[in-house]
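# Reading the structure
These are the residues of each chain, in order.
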Amino acid sequence: MNVDDVVAERIAAARAKAEANKRRRAALAANRQRGLALRHAQRLRNQASRDGDRITDPVTQPDDLRGAEDHAGVGQSPTVADPTVTETVTDDATKENQ
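Residues numbered from 1 in each chain as written. Predicted model: local features only at pLDDT ≥ 70, side-chain atom pairs only at ≥ 80, totals over all residues. Heavy atoms only, no water.

If you look the chain up in an unreviewed UniProt entry, it shows as DUF4169 family protein from Streptomyces violaceus.

### As for the overall build of the chain
Helix and strand counts for the chain stand at two helices and zero strands. Taking all 98 residues of the chain together, the buried fraction comes to 1%. When the accessible surface of the chain is totalled, it reaches about 9200 Å², and 55% of it is carbon and sulfur. (Helix = DSSP H or I, 4+ residues; strand = E, 2+ residues; numbered from the N terminus. Buried < 20%, exposed > 50% of the residue type's maximum accessible area, 1.4 Å probe, protein only. Areas by Shrake-Rupley, 256 points an atom, 1.4 Å probe, with all protein chains shown as cover.)

### What about the pattern of salt bridges?
Using the criterion set out here, one finds one salt bridge in the structure. Residues glutamate 19 and arginine 23 are paired through a salt bridge, measuring 3.8 Å at the closest nitrogen-oxygen approach. Highlighted residues: glutamate 19 and arginine 23, both in helix 1 (residues 3-53), separated by four residues, approximately one helical turn. Judged by its relative accessible area of 39%, glutamate 19 is partly exposed. (Salt bridge = Lys/Arg side-chain N within 4 Å of Asp/Glu carboxyl O.)

### Looking at a nonpolar patch on the surface
Taken together, the side chains of Val3, Val7 and Ile11 make up a nonpolar region of the molecular surface, amounting to roughly 260 Å² of accessible area. Checked against the element boundaries, isoleucine 11 lands in helix 1. We classify isoleucine 11 as partly exposed; its relative accessible area is 41%. (Patch = residues over 30% accessible without salt bridge, like charges linked within 9 Å, V, L, I, M, F, W, Y side chains within 5 Å.)

### A few points about a positive patch on the surface
On the surface, a cluster of positive charge is contributed by Arg32, Arg39, Arg43 and Arg50. Structurally, arginine 50 is set in helix 1. (Lys, Arg positive; Asp, Glu negative; His and termini not counted. Charge placed at Lys NZ, Arg CZ, Asp CG, Glu CD.)

And the structure:
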């Protein structure tokens, strides 16, 4: 056996290994895609069955946490007088003119 034969065997082994890895990755990718499709289909079935029981408007969901706390106070008037920028500027201008 000469050096060329040894090199040719190593090249053939490397090609076979690369091809086996390629087939293995393709099989894993196909299984992954199949699993993702099944998972997505199950999710859609779950959503469809859940939507029949509950209201689909996200604002009125009972488990919606927006505004659930009493101190959220969105849209309520402030309890402490809060001067606006125009009032502050007007007050400063009035003080300078006096």
